[in-house]
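Descriptive analysis of the structure
The chain contents come next:
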Amino acid sequence: MGLELYLDLLSQPCRAVYIFARCNNIPFEFKRVELMKGQHRTEEFKKVNMLMKVPALRDGSFTLAESVAILMYLARKFKTPDHWYPSDLQKQARVDEYLSWQQAHIRGKGSKLFLSKVLIPLLAGQPLPPEKVESATEELNVVLNQFEEKFLQGKPFIVGNDISLADLVALVELMQPVASGYDLFEERPQLAEWRRRVEEAVGKQLFQEAHEEILNAKNVTADKIAPELREHFKQQLLKQVN
């Protein structure tokens, strides 16, 4: 049995794993797990990841959860170019620093805006009050300022002159609010240039392919979500924006 990656490209971490594997020519079998159909909650998938989350990896009898752990496993096993996860101690620490920070900040605030503008209105049948959307937008802009000032600082990439796992993880997360209709790059030239460099580094065609589904997310209708999951998702998502 070869390497299997369990993914749904609506998910930011799944897109990071998919793009990383593809642009590094890592051979894998794509096992699609459709979150909106509840396929992550099946007994079959629990055998791969009892946490019932994607992405997940199976490599022979070895299974692994959590996107950052999966990315590092792939980088080490397949000996990808050093710039992805540098052997230099301080450069590696800069990647670790960003990956540690981003979960509650870029991921947290970007996801919140996407939920506010797309998923919750889809499930509730009506938009959230404008002040909640505005609040989520303001929260995202605070962390975008921090990202530019602390992590980019005018450099081509987060760790200097070369792309790393930090850049890839950052950009797929920022595409989530873009998919909600909020063009966060429009008035941020430093961020827009960084995005262009990251896309070129991984391949624009691959990047676009990985994001095709999420960029059409606003066209999804509620009937695409498994009926038994709609109310569960609605309640869970409302908790995240209240």
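It should be emphasised that the depicted structure is a prediction, and the values quoted were computed from it without experimental measurement.

Quick notes on the packing of aromatic side chains
Aromatic ring pairs are described here by two measures, namely the spacing of the ring centres and the angle between the planes. Per the counting criterion, the structure on display carries 11 aromatic pairs. Residues Tyr 6 and Phe 45 carry aromatic rings whose centres are separated by 5.9 Å and whose planes lie at 55° to one another, so their mutual orientation is tilted. Here Tyr 6, found in strand β1 (residues 3-7), pairs with Phe 45, found in helix α2 (residues 43-46); they are 39 residues apart in sequence, far enough to count as distant. On the basis of relative accessibility, which here comes to 4%, the residue Phe 45 falls in the buried class.

Focus: the sheet that holds strand β2 (residues 29-32)
Ordered by their spatial adjacency, four strands build an open sheet running β2-β1-β3-β4, and the pairing between neighbours is mixed. Lying at the two open borders of the sheet, with one neighbouring strand each, are β2 and β4 (62-65). Averaged over all pairs of adjacent strands, the angle between strand axes in this sheet comes to 20°, irrespective of strand direction. Strand direction decides the pairing type here: β1 and β2, joined by four bridges, are parallel.

Structural notes on the environment of Phe 147
The topology assignment puts Phe 147 in helix α5 (residues 130-152). In this structure, the C-alpha to C-alpha distance between Phe 147 and His 105, residues 42 residues apart in sequence, is 9.2 Å. Apart from the residues within four sequence positions on either side, Phe 147 is in contact with Tyr 98, Trp 101, Ile 106, Leu 152, Ile 158, Ala 170, Leu 191 and Trp 194.

Digging into the side chain of Asp 59
Relative to the helices and strands, Asp 59 resides in strand β3 (residues 56-59). Apart from residues lying up to four places away in sequence, Asp 59 is in contact with Leu 3, Tyr 73 and Lys 77.

Some remarks on the pairing of β1
The buried fraction of β1 amounts to five of the five residues, a majority that puts the element mostly inside the structure. As judged from the four bridges shared by β1 and β3, these two strands associate in the antiparallel manner. Note that in β3 the partner of Glu 4 across the bridge is Arg 58.

Some remarks on the nonpolar core
Counting residues in hydrophobic clusters, the biggest one holds 78 residues, and the most contacted among them are Tyr 98, Phe 147 and Trp 194. Here this core spans two domains, and each of domain 1 (3-80) and domain 2 (84-241) adds at least three residues to it.

Quick look at the domain arrangement of the protein
Assigned domains within the protein: domain 1 (3-80) and domain 2 (84-241). For domain 1 and domain 2, the distance between their C-alpha centroids amounts to 19 Å. Facing 24 residues of domain 1, the contacting portion of domain 2 comprises 29 residues. Taken over both partners, the interface formed by domain 1 and domain 2 buries close to 2300 Å², and the fraction arising from carbon and sulfur atoms is 68%. Considering only the surface of domain 1 that becomes buried against domain 2, Gln 12, Ile 19 and Met 36 emerge as the three largest contributors, covering 29% of it.

Side note on unusual backbone geometry
In this structure, Pro 55 follows Val 54 across a cis peptide bond, with omega equal to 5°. Assignment of secondary structure puts Pro 55 in the loop between α2 and β3. A positive phi angle, close to 60°, is found at Met 52, a residue other than glycine. With respect to the helices and strands, the residue Met 52 is situated in the loop between α2 and β3. Within the chain, Gln 153 stands out as a residue other than glycine whose phi angle is a positive 50°. Within the secondary structure, Gln 153 sits in the loop between α5 and α6 (165-179).

About the criteria used
Residues numbered from 1 in each chain as written. Predicted model: local features only at pLDDT ≥ 70, side-chain atom pairs only at ≥ 80, totals over all residues. Heavy atoms only, no water. Phe/Tyr/Trp six-rings, centres within 6.5 Å; stacked < 30°, edge-to-face > 60°. Helix = DSSP H or I, 4+ residues; strand = E, 2+ residues; numbered from the N terminus. Buried < 20%, exposed > 50% of the residue type's maximum accessible area, 1.4 Å probe, protein only. Pairing = 2+ DSSP bridges. Axes fitted to C-alpha atoms, helices over the stretch in contact; angles between N-to-C directions. Contact = heavy atoms within 4.5 Å. Core = buried A, V, L, I, M, F, W, Y, C linked by side-chain atoms within 4.5 Å. Domains from an automatic or database assignment. Buried area = accessible area lost by both parts, 1.4 Å probe.

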